[in-house]
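One-letter residues, chain by chain:
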Amino acid sequence: MKFIVIIFITLSSSLYATEYKLSWYPEDNYSDTIKTPDDIEFSLINTEGVWEDNRGSFGVMSCLISLLTDSNKETKLEGFCQANDESKDEGKFWVTLKRSSLQTAGVGKITYIAGTGVYKKVIGMSCPYAVNYIGESYGMIKQKCPEEFLRRLK
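What counts and what doesn't
- Residues numbered from 1 in each chain as written.
- Predicted model: local features only at pLDDT ≥ 70, side-chain atom pairs only at ≥ 80, totals over all residues.
- Heavy atoms only, no water.
- Phe/Tyr/Trp six-rings, centres within 6.5 Å; stacked < 30°, edge-to-face > 60°.
- Helix = DSSP H or I, 4+ residues; strand = E, 2+ residues; numbered from the N terminus.
- Buried < 20%, exposed > 50% of the residue type's maximum accessible area, 1.4 Å probe, protein only.
- Patch = residues over 30% accessible without salt bridge, like charges linked within 9 Å, V, L, I, M, F, W, Y side chains within 5 Å.
- Areas by Shrake-Rupley, 256 points an atom, 1.4 Å probe, with all protein chains shown as cover.
- Salt bridge = Lys/Arg side-chain N within 4 Å of Asp/Glu carboxyl O.
- 1 Å grid on protein atoms, 1.4 Å probe; cavity = no way out; pocket = protein on both sides within 12 Å on 5 of 7 lines; lining within 4 Å.
- Points joined across faces, edges and corners; volume = space filled by probe spheres on them.
- Nonpolar A, V, L, I, M, F, W, Y, C, P; charged D, E, K, R; others polar.
- Disulfide = S-S within 2.5 Å.

**Q** Sorry, what's going on with the packing of aromatic side chains here?
**A** Counted by the stated rule, this structure contains five aromatic pairs. Between W51 and F93, the ring centres sit 5.4 Å apart and the planes meet at 70°, which makes this aromatic pair edge-to-face. With W51 in strand β2 (residues 41–53) and F93 in strand β5 (residues 91–102), the pair connects residues that are 42 residues apart, well separated along the chain. Residue classification places W51 among the buried positions, given a relative accessible area of 2%. The exposure class of F93 is buried, given its relative accessible area of 1%. In textbook terms, an aromatic cluster arises when at least three aromatic residues are bridged by ring pairs, as seen for Y20, W51, F93, Y112, Y119 and F149.

Below, the structure written as structure tokens:
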């Protein structure tokens, strides 16, 4: 009985959600890093991980990211990503990531720059995201978009 109640709560919260939420769990693979004597660092990262959203969709997302970190560990990040929706064959989407914050955690902006299938409807939209790293190379990224974003995907 508990199991049925949990499923009902999960399904009803997804059906009546007013925001679009996406979670991504990447693993970073540093391609190359250059560091100056005064601790300024430039890194290139190739990252990949699985993602899921509150509509029941999921897939794999891959990114190429550049990081410029100053001696205070403040980082400017720019990334370009491609994601496949494997759950419903709804297409693919491409996004850019931008963030200026601490190296290990922070808040930034994700912008949908291209898409196929249902994701064509959200091209040009931007949403905030937060990132937190676990250990040296694993991360959790949470994106939260307004109701209009979710409405376009339906």
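Read on for the rest.
**Q** Quick question: what am I supposed to make of the environment of D89 here?
**A** If you trace the backbone, D89 turns up in the loop between β4 (74–85) and β5. A relative accessible area of 70% means that D89 is categorised as exposed. The sequence separation of D89 and S57 amounts to 32 residues, and the corresponding C-alpha distance is 9.2 Å.

**Q** Please explain a nonpolar patch on the surface as it appears in this structure.
**A** A contiguous nonpolar patch, built from I34, I40, F42, L44 and L68 and spanning about 430 Å² of accessible area, is present on the exposed surface. Within the secondary structure, L44 sits in strand β2. Taking relative accessible area as the criterion, L44 reaches 38% and is therefore assigned partly exposed.

**Q** What's the story with empty space enclosed by the protein in this structure? I'm lost.
**A** Take a probe with the size of a water molecule and roll it over the atoms, and the empty space left behind shows itself. Counted by the stated rule, this structure contains two cavities of 30 Å³ or more. Put simply, the largest cavity is a space of about 60 Å³. Looking at the lining of the largest cavity, the elements that each hand over two or more residues are β1 (20–35), β5 and β7 (126–134). Classifying every residue of the lining of the largest cavity by side-chain character gives nine nonpolar, one polar and two charged. Approximately 40 Å³ is the volume attributed to the second largest cavity. Every residue lining the second largest cavity is listed: L22, W24, M61, L97, I110, I141 and Q143. Elements with a minimum of two residues in the lining of the second largest cavity: β1 and β8 (138–145). Looking at the lining of the second largest cavity residue by residue, the class counts come to six nonpolar, one polar and no charged.

**Q** Which parts of the structure should I look at to understand the state of the cysteines?
**A** What we call a disulfide is simply a covalent bond connecting the sulfur atoms of a pair of cysteines. Within the structure shown, the criterion is met by two disulfides. What pairs with C63 in a disulfide is C81, and their sulfur atoms sit 1.9 Å apart. Its S-S torsion of about 110° marks the bond between C63 and C81 as right-handed, since a negative value means left-handed. Taken together, the residues C63 in strand β3 (residues 58–69) and C81 in strand β4 connect sequence positions 18 residues apart.

**Q** Please clarify how the pattern of salt bridges should be interpreted in this entry.
**A** For side chains bearing opposite charge, pairing can occur when the charged atoms are close. Under the defined criterion, the tally for this structure stands at 10 salt bridges. A salt bridge links K35 to E41, with the shortest nitrogen-to-oxygen separation between them at 4.0 Å. Residue R55 pairs with D85 through a salt bridge whose shortest N-O separation is 3.9 Å. Note that R55 is positioned in the loop between β2 and β3 and D85 in strand β4, a separation of 30 residues in sequence. Judged by its relative accessible area of 18%, R55 is buried.

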